[in-house]
Structure formats: C-alpha cells, structure tokens
Amino acid sequence: MSAPLKALDSASDPAASDLARLMTELGAGARRAARMLALASSEQKDAALSAMAQAIRAHAAQILAANAEDVTEAKAGGMSSAFVDRLALTQARVNAMADGIDVVRAIPDPVGKVTETWTRPNGMTIERVRVPLGVVGVIFESRPNVAADAGALCLKSGNAVILRGGSDSFRSCRAIHQCLTEGLRKAGLPEESIALVPTRDRAAVGLMLGGLDGAIDIIVPRGGKGLVARVQDEARVPVFAHLDGVNHVYIDKAASLDMAKTIVLNAKMRRPGVCGAAETLLVDKAAAEAQLKPLVTMLLDAGCEVRGGDDIRKVDARVKPVTEDDWGTEYEDAIISAKVVNGVDDALAHIARYGSHHTDAIVTEDANVAQKFLNEVDSAIVLHNASTQFADGGEFGFGAEIGIATGKFHARGPVGAEQLTSFKYRVHGTGQTRP
C-alpha cells in the first residue's frame, strides 16, 4: 500500500503544478485500487463496510466537532437556513450514516452476478455478467453524508472513488473520510480505494472533469444547478447527473383531503432543501373549491412561502405573486408554487413543460387516473399517494445512493450499488470457429 498523499493547506492557494501533481497521483492511486477491488471477495468488502460503520459510530464526537466548525463558518458567511440544514450533522444523522453503510453491506454483491445466459445453435454458451465501472469521481456540495454514502456504494460495487466535497463541508468530509480509510485498513484493502481531494482549491474540480489522465471512468455530481451544469459542460468522461429537482404534487379531484394534506406537507416541508422536495403544487379545478384553501393555508401556517396566480392569491392574502420563472425553479427552501389545472391532462402538460424528469406524484383514489399519470409522466420516479421525499436510494432499499440520475442511459433514478456496475459477456466454447 502506497504512502498517503500529503494534504495541501486548505487555507492556501497551491501552485497549479503542485495541485496537478497531487491530483494525478490521486488518480493513479485510485486506478491501482480499482484493479484490486474488482477482484476482492464479497467477504472482504463487507468486512471493510462493517469496520467503516463501527468507526463512524466510534468517532461520532470528532465528526460532529468538525461539522460544527463548518456550520459556524457557513452561518458567518450568510448561507441560507436550507443550506445550513443540508450541511449540518446531528447525532441522529451520524447514526443514519453508519446505519446506511450497514444496509449497503447487507445487500447482495452485484459484482460477478450473471444476469442472463443463453446457448447459441453452434453450442457456445454466452453469459452477461456484472462488472465494476472502475474509478468513480464524485463531486458534491453541502451534504457531508454523501462522502459515506458514495464511499460505501462504490466499495460494494467494486469501484474505487475519488471524493471532492464542497469547500463548506471540508472539515466534516475529512473526519468522515478518516473513518472510511480506517475500515479499509482493517479489512486489508488499499486506502486509495476511497480517496478524498485534500484541498478546497476549486481547480481540483476542473482536473477531475478532465479525467485525471484517464484515471476516472465516470463523474457523479451532487449539488446545485451551477455545479451540475458545469460538470455536464466540461466533463471529458461520462456523467450521471440531473440538473434540477423541479418536483410536482398533483391533487386530483378524487383525492382524499386528509391524505393530500399529509403528503403535500411532507413533500415540501420535511426537508425543503433536498432534491426530492416538492416545488410545485397542482390542484385539479374540480377539487379546488374543497381542497385548495386547506392546502394553501396549511403550507402558509407551516412557514412555507406560497406563490401563485390571482386564483391562488384570493385564497389567502399571504400568497405572493408567481412569475413564469417560478414554474421551473428548484427553490431548495420553504417555498412552493401553486396552480389550479383543468384535470390530469392539464397537469401532465404542465409537468412536461416545466418539470425536470426527477420526481412527480399524484394523490387520487381513482385507479385509472393514477395509472394514466404513472404511465405518462416522463420522470425517473413517479409516485401514487406517496410523498416525493421518498426519492432516495435508502428508501428504495439500496442502502444509500450516489445520486439520482434523470437521463435515460445506463442508470435512471437512485444510483445504488447495482447501478454502479456495467457488464461484460463471457463466452464458453468447445472449439468453435466462425465459418
């Protein structure tokens, strides 16, 4: 195992040549580790994951202390309350990180799984088998728990990973990363399997997007629209990404008001800053008389800013005017836009125009309308009578997620361990040659 790289002083601006050298060495180490991980047994990977979870629990005080420094700095910098919520760790959230690693450990190892087998007329047998992607680069903002989620999922799927956390969560990520490397050491796996970029210098992101001399096989961005747009524009390697979580909840005329209130409040206000939070409330015109006012009032009373047109503003004087830009905005805050639509077809048209193909939900007791919505909304996740906040790999049984992909190639929706594999074909012959 090679010696650990020396971290650059996070407060300084390192020379470009020093940073380039550091990142090249980081990439080379990850590539070496990836070759070992691809052949590592399930038992060895699971032993590392178990030790990682134990280390996080054992070092919770150090993680929380590091996070407190990050939060203090963010508040002093005038960051929004939603941003601070994404950044902040509590004992419960630290426990959830460790629990998530344990869930990842318990899921079946996708590497080596034969997904299909068939025999050709000439007697050759062909197998399609899952294999790791190689080296995954994860560039994320705010949420330090991404370091643990991504590290665990990549290890389970036999991939090495290079983590570049946001400068706002630098100390938190470093403390979490130390727990991950402790787990790797105890299991006899290379520490380079989970690497953390040891500097806040933003130029490191550009170097990762260039692929680090061929070391990185895929990039996963986790953050705001600016970050993801930059990654998609500049990356020289494939990207798992979504630009926005402009998520809708449509309340159909056949919806139960009690259920609608419960789902809408949770979808928007459970954690307003996460990518699964609802940003737009659509209410069927046929239900508006009975349901619009209770829903809008409930949101306002819960501290959520509601924006809408004249018909929504008549319901409550606290509603603010909506603009055209609002319909396509991911607020990442306690703000929601509301609109009355003329039935499910009008709701579908609105989502098709303004949605981001992330997560959308319908509340209705009409099974036919629900099926129409589920079939026709072109989003990675579509829900019936459930909150959009279930857009999460952990809630899907993946243990965690490395991100939610809204594209249509390779993986879509929560990207868990299985989605971090590709496949190859193994062909078994008995001396066949092609005529």
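Predicted, not measured: the structure shown is a model, and the values here were computed from it.

Asker: Is there a simple way to explain the overall build of the chain in this structure?
Answerer: Helix and strand counts for the chain come out as 14 helices and 16 strands. Computed over the C-alpha atoms, the radius of gyration of the chain is 23 Å, within 12% of the 22 Å expected from 2.2 N^0.38 for a compact globule of 435 residues. The dimensions of the chain, computed from C-alpha atoms along their principal axes, are 70 × 65 × 40 Å. Sorting the 435 residues of the chain into buried and exposed places 54% on the buried side. Of the contacts made within the chain by residues no fewer than 6 positions apart, 72% connect residues no fewer than 24 positions apart.

Asker: So what exactly am I meant to see when it comes to helix α9 (residues 225-234) here?
Answerer: Helical geometry: 3.6 residues make up each α-helical turn, so side chains three or four residues apart lie on a common side. Along α9, the residues that are buried comprise L227, V228 and V231. For α9, the buried positions fall inside an angular range of 95° around the axis, keeping them on one side. Exposed side chains of α9 directed beyond 90 degrees from the buried face belong to G226 and D233. Contacts from the buried residues of α9 go to β3 (135-140), α8 (203-209) and β6 (218-222).

Asker: Would you mind showing me how to read the sheet that holds strand β16 (residues 421-428) here?
Answerer: Within a sheet, each strand pairs with its neighbour through backbone hydrogen bonds, oriented either parallel or antiparallel. Reading across the sheet, the 3 strands line up as β1-β2-β16 and stay open at both edges, with antiparallel pairing between neighbours. In this open sheet, the two strands that pair with only one neighbour each are β1 (114-119) and β16. Across the sheet, the axes of successive neighbouring strands diverge by a mean angle of 20°, strand direction being ignored. Relative to strand β2 (residues 125-132), β1 is paired through 5 bridges, and the arrangement is antiparallel. Paired with W118 across the bridge in β2 is I126.

Asker: Quick question: what am I supposed to make of the sheet that holds β3 here?
Answerer: The strand order across the open sheet built from 4 strands is β5-β4-β3-β6, with neighbouring strands paired in parallel fashion. Strands at the two margins of the open sheet, each flanked by one partner only, are β5 (194-196) and β6. Averaged over all neighbouring strand pairs, the angle between strand axes comes to 20°, with direction disregarded. Judged from the 5 bridges that link them, β3 and strand β4 (residues 160-164) form a sheet pairing that is parallel. Looking across to β4, one finds that I139 is bridged to R164. Along the sheet, α9 contacts β3 and β6; its crossing angle with β6, the most-contacted strand, is approximately 165°.

Asker: So what exactly am I meant to see when it comes to the packing of aromatic side chains here?
Answerer: When we look at a pair of aromatic rings, we describe it by the centre distance and by the angle of the planes. For the coordinates displayed, the defined rule picks out 4 aromatic pairs. Centre to centre, the rings of Y250 and F373 are 6.3 Å apart; their planes meet at 15°, and the pair counts as stacked. Of this pair, Y250 sits in strand β7 (residues 247-251) while F373 sits in helix α14 (residues 367-376); the two residues are 123 residues apart in sequence, bridging distant segments of the chain. The residues Y250 and F373 share a single accessibility class, namely buried. Here the aromatic cluster, defined as three or more aromatic residues joined through ring pairs, consists of W118, F423 and Y425.

Asker: I would appreciate a short explanation of the side chain of S387 in the present structure.
Answerer: You can see S387 is positioned in the loop between β13 (381-384) and β14 (404-405). S387 gets classed as buried once you look at its relative accessible area, which sits at 4%. At a separation of 2.7 Å, a polar atom in the side chain of S387 contacts the side chain of N266. Looking at S387, its side chain comes within polar contact range of the main-chain nitrogen of A267, at 3.5 Å. Those residues in contact with S387 that lie beyond four places of it in its chain are I263, N266 and A267.

Asker: Would you take a moment to explain the layout of surface pockets for this structure?
Answerer: With a probe scaled to a water molecule rolled over the atoms, the places where space remains empty come into view. Put simply, the largest pocket is a space of about 770 Å³. As for the largest pocket, its lining consists of 31 residues, and the residues nearest its centre are N145, D149, R270, R271 and D392. Only α5 (91-106) and α6 (145-156) provide two or more residues apiece to the lining of the largest pocket. Counting residues per element, the lining of the largest pocket draws most heavily on α5, at 6 residues. For the lining of the largest pocket, a count of residues per class yields 12 nonpolar, 8 polar and 11 charged.

Asker: Looking at this structure, I do not really get the nonpolar core. What am I missing?
Answerer: M52, I56, I101, V138, I162, L163 and I402 are the most contacted members of the largest nonpolar core, which totals 77 residues. Apart from the residues within four sequence positions on either side, I402 is in contact with V136, V138, A150, L153, C154, V220, R222, V415 and L420. Membership of the second largest hydrophobic core comes to 35 residues, among which are M269, V319, I336 and L383.

Parameters at a glance
- Residues numbered from 1 in each chain as written.
- Predicted model: local features only at pLDDT ≥ 70, side-chain atom pairs only at ≥ 80, totals over all residues.
- Heavy atoms only, no water.
- Helix = DSSP H or I, 4+ residues; strand = E, 2+ residues; numbered from the N terminus.
- Rg over C-alpha atoms; globule rule 2.2 N^0.38 Å.
- Buried < 20%, exposed > 50% of the residue type's maximum accessible area, 1.4 Å probe, protein only.
- Contact = heavy atoms within 4.5 Å.
- Arc of directions from axis to C-beta.
- Pairing = 2+ DSSP bridges.
- Axes fitted to C-alpha atoms, helices over the stretch in contact; angles between N-to-C directions.
- Phe/Tyr/Trp six-rings, centres within 6.5 Å; stacked < 30°, edge-to-face > 60°.
- Polar contact = N/O pair within 3.5 Å; in protein donor to acceptor, adjacent residues only side chain to side chain.
- 1 Å grid on protein atoms, 1.4 Å probe; cavity = no way out; pocket = protein on both sides within 12 Å on 5 of 7 lines; lining within 4 Å.
- Points joined across faces, edges and corners; volume = space filled by probe spheres on them.
- Nonpolar A, V, L, I, M, F, W, Y, C, P; charged D, E, K, R; others polar.
- Core = buried A, V, L, I, M, F, W, Y, C linked by side-chain atoms within 4.5 Å.

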